[in-house]
Amino acid sequence: MTDAHYDAVVVGGGHNGLVCGAYLAKAGRKVLLLERRAEVGGAAVTREFADGFSVSACAQWLQQLHPDVESDLKLSRHGLELAARDLDTIALAQDGAHVTIAANGVSGAALSDRDAERYARFSRQMFKFARLLARVSERRVPQLTEAGWRDRIAMLSLALGMKRLGRADMRDLLRIGLINIYDVMEEHFDNDLLKGALSLDATLGTHLGPRSPNSVISFLHRRMGEVFGYRGPALVRGGMGGLSQALAAAASACGVEIRTEVQVTSIDAAADGVSGITLAGGERIRAPIVVSNADPKTTFEILLGLANVEAGVARRVHNYRMQGNVAKLHLALDGLPDFVGLDESQLGQRLVVAPGMDAMELAFNAAKYGEYSPNPVLDISIPSLSDDSLAPAGSHVLTALVQYAPYSLKAGWETGKEAFTQLAIETLKRYAPNLRETIIASELLTPVDLEREFHLGGGHWHHGEIGLDQLLVARPFPGASRYAMPVPGLFLCGAGAHPGGGVMGLAGRNAAREIIAHKPGKSRT
Ligand SMILES: Cc1cc2nc3c(=O)[nH]c(=O)nc-3n(C[C@H](O)[C@H](O)[C@H](O)COP(=O)(O)OP(=O)(O)OC[C@H]3O[C@@H](n4cnc5c(N)ncnc54)[C@H](O)[C@@H]3O)c2cc1C
């Protein structure tokens, strides 16, 4: 048992763990943060996958980081720098008739004036809806019963936000929230590429197809980034690890003690609550508060142990949906591939292969049954075009999120991995015919690799599905939605907590606020 006394131990140094630790230390708490990997950052890190070639290992687009987190923790002073910002999304067509989605509208040779004009209206309405979700995400979810004054104010401001939408938009929000992105797209647009690219934003990182319920809420979840000031995705200089390094520097400056390569094997609890943690090797560290940045299933099933919770809680943990569906492809290139119809400045934007909603739905269907489709969906970045620290001079790196790669692949990823890598490359080749000639090294991280290497349970990038049954008062599950878990002293601060995944920092910031306001012995769930 270590003698050092801490007010709080944070288990996991993902970006949310770092944010939570930093806010707690700023408020005067003595904080120890323990990370299992050799570096902090979790799914927000940079990885050298071939000699001299680096990429953002998992998260590649910075598009949701909350501006308060950035300014409160003075991240630019601690080294955060963007290599590119406000990027367009270009939906690729094999014949070069691409569609571009930019902050100021959509364009493309095959796009009708009607679609362009409707997109402007659609975009304005989605911004209003996303703003409402953003306001709810910036604080703990209000309790529906036995509300105190903080909850009452939160409920009032939510009701006011709904009212400010106006009758027509309010009706529309309630209506589309219950249908799916496929039907919403069909109501608004004709162009298949536009509908495909927008549906991708509704399904990326989830186990959803365009026709799935919950795809609209997932779309709005992503669109919160606009409310936080992102007019398009951004790239962090040095890869996403640049953000985590800045967060670690900020946390250390606030007084957080950070230890890496230490695996927490258990969160120790007695009848009256948690007492600390135990590390692999047996070292025990005492603290009245343990904050878990691990996903909810890992937190309860592995670290705490289901014997320490009531049967109802154990059942909810068991039923929590958390199976990833995305792989990550990394390519080292000895030159720029020629994408049909794109010049160099366009190559530096966000490129997507989502040729139509029906193709996407078919790809999702295969994933539902543990297979992958011959037509995966891709979200592509060539970050070395704006950041020369990532590849040797004249060379480049290409990274792509490859969607509909089921965690539980029937054939097993050991046999499926090479074939899926080649499939992803062949899919890219349809748009960049000379791609293969430029490849000098490649790597694919399957959902199983993401689980093994980054400790993302189920390989899921949100630490659990984004859906109305697992959001807001139900994230991660009812009775545990306000960071304090149903075991006194145990808190959750990662993507499995409200408001969910993405590099946003809000789960960490909100959890810290709850802990600071926490009165020992009082359950706040
Ligand atoms: C392939 C992929 C692509 C993505 N793309 C994007 C994107 O482009 N943009 C975006 O905004 N988001 C993206 N995301 C989502 C985003 O990366 C995550 O939602 C976010 O990083 C989660 O942060 P977190 O801090 O909550 O958890 P994590 O990053 O998962 O951190 C949890 C940490 O806890 C540690 N840990 C777990 N168990 C233990 C233990 N027992 N002891 C000690 N440490 C432990 C882990 O090692 C890890 O470091 C992507 C995710 C993936 C997987």
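Residues numbered from 1 in each chain as written. Predicted model: local features only at pLDDT ≥ 70, side-chain atom pairs only at ≥ 80, totals over all residues. Heavy atoms only, no water.

**Q** Is there a simple way to explain the overall build of the chain in this structure?
**A** Counting secondary structure elements, the chain contains 17 helices and 20 strands. For 525 residues, the compact-globule formula gives about 24 Å, and the C-alpha radius of gyration of the chain, at 22 Å, lands near that figure. Projecting the C-alpha coordinates of the chain onto the three principal axes gives extents of approximately 65 × 60 × 45 Å. Burial analysis of the chain (525 residues in total) assigns 60% to the buried set. Summarising the internal contacts of the chain: among those between residues at least 6 apart in sequence, 74% fall at separations of at least 24. (Helix = DSSP H or I, 4+ residues; strand = E, 2+ residues; numbered from the N terminus. Rg over C-alpha atoms; globule rule 2.2 N^0.38 Å. Buried < 20%, exposed > 50% of the residue type's maximum accessible area, 1.4 Å probe, protein only. Contact = heavy atoms within 4.5 Å.)

**Q** What exactly am I supposed to notice about the sheet that holds strand 11 (residues 264–270) here?
**A** Two pairing modes exist for strands in a sheet, parallel and antiparallel, and in both the strands are linked by backbone hydrogen bonds. Strand order in the open sheet formed by three strands is 11-12-13, and the pairing between neighbours is antiparallel. Two strands close off the open sheet at either side, each with one partner strand: strand 11 and strand 13 (284–286). Averaged over neighbouring strand pairs, the angle between their axes works out to 30° when direction is ignored. Pairing of strand 11 with strand 12 (residues 273–279) involves six bridges; the strand directions are antiparallel. Following the sheet pairing, aspartate 268 is matched in strand 12 by glycine 276. (Pairing = 2+ DSSP bridges. Axes fitted to C-alpha atoms, helices over the stretch in contact; angles between N-to-C directions.)

**Q** Would you take a moment to explain the packing of helix 4 (residues 149–165) against helix 5 (residues 167–177) for this structure?
**A** When two helices pack together, their arrangement is given by the angle between the helix axes and the distance between those axes. Contact pair helix 4 / helix 5: the axes reach a minimum separation of 5 Å and the direction vectors enclose 110°. Judged by the inter-axis angle, helix 4 sits roughly perpendicular to helix 5. Residues Met162, Lys163 and Leu165 of helix 4 pack against Arg167, Asp169, Met170, Leu173 and Leu174 of helix 5. Grouping the amino acids of the contact of helix 4 with helix 5 by side-chain chemistry returns five nonpolar, no polar and three charged. (Parallel < 35°, antiparallel > 145°, perpendicular 65-115°, else oblique. Nonpolar A, V, L, I, M, F, W, Y, C, P; charged D, E, K, R; others polar.)

**Q** Any chance you could explain the packing of aromatic side chains here in plain terms?
**A** Note on aromatic pairs: each is described by the distance of the centres and the angle between the planes. Here the structure, examined in full by the defined rule, presents nine aromatic pairs. With a centroid separation of 6.3 Å and an interplanar angle of 45°, the aromatic rings of tyrosine 119 and phenylalanine 122 are classed as tilted. In this pair, tyrosine 119 and phenylalanine 122 both sit in helix 3 (residues 113–137), three residues apart, roughly one turn of the helix. Both residues of the pair, tyrosine 119 and phenylalanine 122, belong to the buried class. Here a set of aromatic residues connected by ring pairs shows up, and it is made of Tyr119, Phe122, Phe189 and Phe219. Here the basic side chain of lysine 30 rests over the ring of tyrosine 6, its NZ or CZ set 4.6 Å away from the ring centre. The aromatic ring of tyrosine 182 is capped on one face by arginine 211, whose charged end is 3.8 Å from the ring centroid. (Phe/Tyr/Trp six-rings, centres within 6.5 Å; stacked < 30°, edge-to-face > 60°. Lys NZ or Arg CZ within 6 Å of the ring centre and 35° of its normal.)

**Q** Teacher, can you tell me more about the state of the cysteines here?
**A** Note on terminology: disulfide describes a covalent bond linking the sulfur atoms of two cysteines. For the coordinates displayed, the defined rule picks out zero disulfides. As a non-bridged cysteine, cysteine 20 has cysteine 493 as the owner of its nearest cysteine sulfur, 4.5 Å distant. Among the residues examined, cysteine 20 registers a relative accessible area of 0% and is labelled buried. Cysteine 58 forms no disulfide, and the closest cysteine sulfur to it belongs to cysteine 493, at a distance of 17 Å. Accessibility expressed as a relative area gives 10% for cysteine 58, which makes it buried. (Disulfide = S-S within 2.5 Å.)

**Q** Could you clarify how one ought to interpret the sheet that holds strand 10 (residues 257–259) in this entry?
**A** Taken in spatial order, the five strands make up an open sheet running 10-2-1-14-20, and their pairing is parallel. Among the strands making up the open sheet, the edge pair consists of strand 10 and strand 20 (490–492). Across the sheet, the axes of successive neighbouring strands diverge by a mean angle of 20°, strand direction being ignored. Looking at chain direction, strand 14 (residues 289–292) and strand 20 are connected through three bridges and run parallel. Pairing of valine 291 across the sheet is with phenylalanine 491, part of strand 20.

**Q** Explain the nonpolar core to me, please; I cannot follow it from the model alone.
**A** One broad trend across soluble globular proteins is that nonpolar side chains are buried collectively. By size, the foremost hydrophobic cluster in this structure holds 118 residues, and its most contacted members are Leu243 and Ile277. Ranked by residues supplied to this core, first place goes to helix 3 with eight residues. Aside from chain neighbours lying at most four places away, what touches leucine 243 is Leu62, Leu65, Leu75, Leu80, Val236 and Val503. Judged by nonpolar contacts, the second largest core, of 29 residues, contains Leu398, Ala424, Leu435 and Leu444. (Core = buried A, V, L, I, M, F, W, Y, C linked by side-chain atoms within 4.5 Å.)

**Q** Explanation requested: the pairing of strand 3 (residues 46–50) in the structure shown.
**A** For a regular strand, side chains alternate in direction, first toward one face of the sheet and then toward the other. In this structure, strand 3 lies alongside strand 4 (residues 53–56), joined through four bridges in antiparallel fashion. Looking at strand 4, one finds that arginine 47 is bridged to valine 55. Counting the residues between successive antiparallel strands, the hairpin from strand 3 to strand 4 contains two residues, one of them, glycine 52, with a positive phi of roughly 85°.

**Q** Looking at this model, I keep getting lost on the site of the ligand. Mind explaining?
**A** Surrounding the ligand, one finds 35 residues, the nearest of these being Glu35, Trp461, Ala495, Gly502 and Val503. In the model, a nitrogen atom of the ligand is placed 3.1 Å from a nitrogen or oxygen of the arginine 36 main chain. In isolation the ligand has 1000 Å² of accessible area, and contact with the protein removes 99% of it. Elements with a minimum of two residues in the shell around the ligand: helix 1 (15–26) and helix 16 (447–454). Residue composition of the shell around the ligand, grouped by class: 17 nonpolar, 15 polar and three charged. (Near = heavy atom within 4 Å. Polar contact = N/O pair within 3.5 Å; in protein donor to acceptor, adjacent residues only side chain to side chain. Areas by Shrake-Rupley, 256 points an atom, 1.4 Å probe, with all protein chains shown as cover.)

**Q** Is there a simple way to explain helix 9 (residues 241–254) in this structure?
**A** An α-helical turn contains 3.6 residues, so any two residues separated by three or four positions project in the same direction. The terminal C-alpha atoms of helix 9 lie 20 Å apart, and with 14 residues this matches the ideal 20 Å at 1.5 Å per residue to within 8%. What helix 9 keeps buried is the set Gly241, Gly242, Leu243, Ser244, Ala246, Leu247, Ala248, Ala250 and Ala251. Tucked inside the fold, the buried residues of helix 9 contact helix 1, strand 3, strand 9 (235–236) and strand 10. Just downstream of helix 9 lies glycine 255, where phi reads positive at about 115°. (Expected span 1.5 Å × (residues − 1).)

**Q** What should I look at first to understand the pattern of salt bridges in this one?
**A** Oppositely charged side chains can pair when the atoms bearing their charge come close. According to the stated counting rule, one finds 30 salt bridges in the structure shown. Across the pair arginine 222 and aspartate 201 runs a salt bridge, and its minimum N-O distance is 3.1 Å. Residue arginine 222 is found in helix 8 (residues 215–227), and its partner aspartate 201 is found in helix 7 (residues 192–203); the two are separated by 21 residues along the sequence. By relative accessible area, which is 14% here, aspartate 201 ends up buried. Each of Arg140, Asp151, Arg482 and Glu514 takes part in salt bridges that share partners, so that together they form one network. (Salt bridge = Lys/Arg side-chain N within 4 Å of Asp/Glu carboxyl O.)

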